Amino acid sequence: KPCLVLLCSPPGAGKSFFSNQIAEELKGRHQMSKAFIDGSDDRLVDMALTEILECEIADSSAHLFLIVDEFHMLKDVHKVQLFQWLRLNVRRLHVLLIANRKDSRDLEHLKQLKEDGTKIGIEPERVVDIVTRLGNTLLSEVMDAKKTRNGSGIRKWMHCARCIFGGEAVSLRGIAELEDILSQTSSISAEKLAGFLLNKVPTVSTITAQQFAEAFLAAMEGAKRGEDPILSITRSLKGMVASMFQAALLTENADNLGMDFPDFVSFGLDRAYDAPPALRIAAWCCHMRAQARKDPASGGVERCSKMDDPQVMFENKLVDQCGFPLQLEVECNNELAEGIAFSWGGDYSRLEDIIDAVKHGHSVDWNDVQNKCWNTEPVQDSSLLVELLSVCTSPAKVLSALKNDNLCSLLKKSSPSDSLAIAKDILKYQIGMENAEEDKYLSPYRTALWMTILYDNSLDSPQALLRAMGQPDGGSSDRPTETESTLVDCLIWASTHMQDMISCKMSDNAEEKTVFLIQTLVSLSRKMILADEPIERISRLWGGMFAQLLSCSDEEDPRLSFNDVLLHVALYSEDCYDLWEEPLPALWAVAKGKGTASQITDLWSKHRQLLFGNNDAELGVWRILPESSSSMLHPRLAGGILCTDGEIDLQLQMAILTRGGDVDMEFVGVTDRNYNNAMRLLGAALETISKDDVSKVNVKDGKFRSLVMEALQNLQN
């Protein structure tokens, strides 16, 4: 069966050796030929990847084992070409993608391939992403096979170096050299060990390498004395690297626990590169302590008590960079100093060069990029920006370095896929959220939210949109959450600043998108009504271009059943919007005491289901109910009806008097005209009732009852 595996691990972990073994096995068992593509092939400068594939794979019908080595070195355009080609050919392939690292767009490609799997001939479960690292088991097997001396010391060095500096600090190739250093008859040289580490990880400072070597030697001396190496380091050394070495030792005998520091800041700590480097290191040490406590056999709780105080993390000034920060021999006065950012010295105006630099592990000072380039030369290519966001360590800093007008322009003018990719990162990292009100029209956060609503077809409920904004799933609350309040602000803003509903209506799924938007507006409105929020805020939510969405419920589609919201907005809004369709203008006019007899007649004959209900005493809201003896006219509508000129249906007049309801008297006594109209209508209804049984009059005590008694007295006189 076809399959695709993305195998990711640091250099020197044996990926290429492993792939050759698989190739030999497939050839022997299944007579499957091997095809090989190198992601660093010079031909990719001038040729499309598909051209190279056609050159390397002459027989387009044969079943093949395709190896794509150095996959991480492929440009984004080449990765797109590769996956497009795979969609056409994967049913006859076993594919192994070999990479030193992966980014978010790689995972998107795999996800899309899984979703399309059954259509293109590959089972979704046979598309796999595997991350490996050089662990103690493989290391021991290799050393046993080679009869390596000083195996325990080599394992300790490899484990701690990998935990602190990542997979690039260790490899099977380094065993022999490390064995030579540890086998010296004279005292082992810390200087040589530091040099060995610097050859593997040249981006760390000399002081870091020296302190690591010293911590290793202290641990080795302690082990010889039968002492816990963690305690040996505590007694002889102090400092950031020594504390990290102690944290690594916590999982020495269970190296499946915990994450290496580079992986932790890349995948385990949200927005890690937005935090000061010392804080990232302290967080990793806490992570390793927590992991060690999960393994009772490691004695994690007791060993943690022997470690240095965390204060030592903040004693040196750190220069921020990708991976492990550069440690200086300078005392740091500010415990949470963010450090000094090194910056790649290339051409900031070429996004392709910046992307290439980031892929090769160079650090970039985004404030420098902003000041020297992006403030005067806005980014124009959205596809390259999306690629940069997918490969860089701090998308938030990249987005913050772009001016608001540049970001908003990219969001609105880019292709739907690029716009959505940028928007998702803006929402994830909350770019411009705090200043959204001040940014007015040029608000990246609010624009990103609107683009997400327009283009993200995976959103199937208001809760999905809230998750995209960062709200975790959990129990519902009667009151709007902070995220929901932010969403309300954004939608009110969009209703007047994003007058492009045409984009929604022209899309392939315009109807579903409109339903989703209505559901979101309704869900937010109901929470605001329950929380008794100002009606001005609720009505503004249905203003601007959203006003046309407020209409009577569609009885055939339960998703569009929201007459309760429609009635609330119509009855209490200060203004009547031009885009409102009937019966909203009529309801609004009647509620304001301005309704005509014609409007009231239309409401009674065509929209009677909106007029009756009952007050929910527990929740304090009006519930629309079918007309019956137990339902009553809404007090605000009843008051408006009594103010009208002209004749209205006698049954409607009697409903005001016989259902046990109340009447909002706000407009009845405002003018003599309103008062006289009320007395006239009440008199006509009372006259009809008195011919039958005056005891049928059923109204609540209060001002309205007094008015009814006055009308009854006039009738009797």
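Residues numbered from 1 in each chain as written. Predicted model: local features only at pLDDT ≥ 70, side-chain atom pairs only at ≥ 80, totals over all residues. Heavy atoms only, no water.

**Topic: the overall build of the protein**
Alright, step 1. Within the protein one finds 35 helices and 10 strands.
Alright, step 2. Taking 2.2 N^0.38 as the reference for a compact globule, 717 residues should give roughly 27 Å; the C-alpha atoms of the protein span a radius of gyration of 36 Å, well beyond that estimate.
Alright, step 3. Taken along the three principal axes of its C-alpha coordinates, the protein extends 125 × 65 × 50 Å.
Alright, step 4. The long-range fraction of contacts in the protein, counting pairs at least 24 apart against all pairs at least 6 apart in sequence, stands at 68%.
Alright, step 5. Between the mean site of the 74 positive side-chain charges and the mean site of the 104 negative ones, the protein shows a separation of 4 Å. (Helix = DSSP H or I, 4+ residues; strand = E, 2+ residues; numbered from the N terminus. Rg over C-alpha atoms; globule rule 2.2 N^0.38 Å. Contact = heavy atoms within 4.5 Å. Lys, Arg positive; Asp, Glu negative; His and termini not counted. Charge placed at Lys NZ, Arg CZ, Asp CG, Glu CD.)

**Focus on the sheet that holds strand β10 (residues 632-633)**
Alright, step 1. If you trace the 3 strands from one edge of the open sheet to the other, you get β9-β8-β10, paired in antiparallel fashion. Edge strands, defined here as strands with exactly one partner in the open sheet, are β9 (621-624) and β10. (Pairing = 2+ DSSP bridges.)

**With respect to unusual backbone geometry**
Alright, step 1. The residue after Glu-582, namely Pro-583, is reached through a cis peptide bond having omega 15°.
Alright, step 2. Take Pro-583: it is sitting in the loop between α29 (563-572) and α30 (584-591).
Alright, step 3. Of note in the backbone geometry, Asn-150 takes a positive phi value of approximately 55° without being a glycine.
Alright, step 4. By the element assignment, Asn-150 lies in the loop between α6 (136-146) and α7 (151-165).
Alright, step 5. With relative accessibility at 34%, the residue Asn-150 sits in the partly exposed group. (Buried < 20%, exposed > 50% of the residue type's maximum accessible area, 1.4 Å probe, protein only.)

**A short note on the nonpolar core**
Alright, step 1. Counting 124 residues, the largest nonpolar core has Trp-366, Trp-374, Leu-388, Ile-422, Trp-450 and Trp-542 as its most contacted members.
Alright, step 2. The element contributing the most residues to this core is helix α27 (residues 510-530), with 8 residues.
Alright, step 3. Among all residues touching Leu-388, those that are not within four sequence positions of it are Leu-351, Ile-354, Ile-355, Val-358, Trp-366, Trp-374 and Val-398. (Core = buried A, V, L, I, M, F, W, Y, C linked by side-chain atoms within 4.5 Å.)

**Focus: the pairing of β9**
Alright, step 1. Here strand β8 (residues 612-616) runs beside β9; their pairing, made up of 4 bridges, is antiparallel. Looking at the pairing, Asp-616 lines up with Val-621 of β9.
Alright, step 2. Count of turn residues in the β8/β9 antiparallel hairpin: 4 residues, of which Gly-620 carries a positive phi of about 75°.

**With respect to the pattern of salt bridges**
Alright, step 1. Using the criterion set out here, one finds 30 salt bridges in the structure.
Alright, step 2. Between Asp-564 and Arg-526 there is a salt bridge, with the nearest N and O atoms lying 3.0 Å from each other. Of this pair, Asp-564 sits in helix α29 while Arg-526 sits in helix α27, placing them 38 residues apart in sequence.
Alright, step 3. A salt bridge links Glu-647 to Arg-680, with the nearest nitrogen and oxygen atoms 3.5 Å apart. A residue pair is termed long-range when its members are at least 10 positions apart, and Glu-647 in the loop between α32 (635-642) and α33 (650-658) and Arg-680 in helix α34 (residues 672-692) qualify at 33 residues.
Alright, step 4. On the basis of relative accessibility, which here comes to 60%, the residue Glu-647 falls in the exposed class.
Alright, step 5. On the basis of relative accessible area, Arg-680 is assigned to the partly exposed category, the value being 31%.
Alright, step 6. One salt-bridge network, in which partners are shared between bridges, spans Asp-41, Arg-43 and Glu-56. (Salt bridge = Lys/Arg side-chain N within 4 Å of Asp/Glu carboxyl O.)

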